[in-house]
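# Summary of the model geometry
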Amino acid sequence: QVQLVESGGGLVQAGGSLRLSCVDSGRTFSIGAVGWFRQASGKERVFVAAISRNGATYYADSVKGRFIISRDNAKNMVYLQMNSLKPEDTAVYYCAARQVGVATTTSNYDYWGQGTQVTVSA
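Every value quoted in this text rests on a predicted model; they were computed, and no experiment measured them.

If you look at the biggest cluster of nonpolar residues, it comprises 31 residues, and the most contacted ones within it are Trp36, Val48, Phe67, Leu80, Met82 and Tyr93. Mapped by element, the contributors of at least two residues to this core are strand E3 (18–24), strand E4 (34–39), strand E5 (46–51), strand E7 (67–72), strand E8 (77–82), strand E9 (91–97) and strand E11 (116–121). With residues up to four places along the chain from it excluded, the contact list for methionine 82 reads Gly16, Ser17, Leu18, Leu20, Arg66, Phe67, Tyr93 and Val118.

Across all of its chains, the model carries one disulfide by this definition. Bridging cysteine 22 to cysteine 95, the disulfide has an S-S length of 2.1 Å. Taking the torsion about the S-S bond as the criterion, the cysteine 22 to cysteine 95 disulfide, at about -80°, is left-handed. Placement of cysteine 22 in strand E3 and of cysteine 95 in strand E9 is noted, with a sequence separation of 73 residues between them. Classification of cysteine 95 as buried rests on a relative accessible area of 0%.

Below, the discussion takes up the side chain of arginine 66. Within the secondary structure layout, arginine 66 lies in the loop between strand E6 (57–59) and E7. The class for arginine 66 is buried, based on a relative accessible area of 10%. Reaching out from arginine 66, the side chain makes a polar contact with the backbone oxygen of serine 84 at a distance of 3.0 Å. Not counting the four nearest positions on each side in its chain, arginine 66 is found in contact with Gln81, Met82, Asn83, Ser84, Leu85, Lys86 and Asp89.

If you walk across this open sheet you meet the four strands as E1-E3-E8-E7, and the pairing is antiparallel. Bordering the open sheet on either side are strand E1 (4–7) and E7, each of which pairs with just one other strand. Strand after strand, the sheet turns through a mean of 15° between neighbouring axes, direction not considered. Both E1 and E3 contribute to a ladder of four bridges, which runs antiparallel. Across the sheet, residue glutamate 6 finds its bridge partner in E3, namely cysteine 22.

Criteria and cut-off values
Residues numbered from 1 in each chain as written. Predicted model: local features only at pLDDT ≥ 70, side-chain atom pairs only at ≥ 80, totals over all residues. Heavy atoms only, no water. Core = buried A, V, L, I, M, F, W, Y, C linked by side-chain atoms within 4.5 Å. Buried < 20%, exposed > 50% of the residue type's maximum accessible area, 1.4 Å probe, protein only. Helix = DSSP H or I, 4+ residues; strand = E, 2+ residues; numbered from the N terminus. Contact = heavy atoms within 4.5 Å. Disulfide = S-S within 2.5 Å. Polar contact = N/O pair within 3.5 Å; in protein donor to acceptor, adjacent residues only side chain to side chain. Pairing = 2+ DSSP bridges. Axes fitted to C-alpha atoms, helices over the stretch in contact; angles between N-to-C directions.

So, to be careful, I would describe these as geometric facts and stop short of saying anything about function.
As structure tokens, this is what we get:
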């Protein structure tokens, strides 16, 4: 049974940094791609970043140059380093996994974590 658990969210001032972590207890990360999505209050869930099994990375334009996604397959972990945070980055952040290659839409991911809240104050 795949279980994804995110951690690392919290409250930070604009310009600050946070690192989110996602652990996979089902070892799916060793097979396919992992993505981060976020959902602001009252809005739809949107793509943030994704990483393939071999480490190729993809980013939404809104976070490119500020966020870095990485993975450690040996530990079944994926990280999202978020720098230069802005109030508009405030959202619940979700980790998602799939058996094959990278995708940027929610419907293409099979497994989801419960989410972690990130709040950026002005």
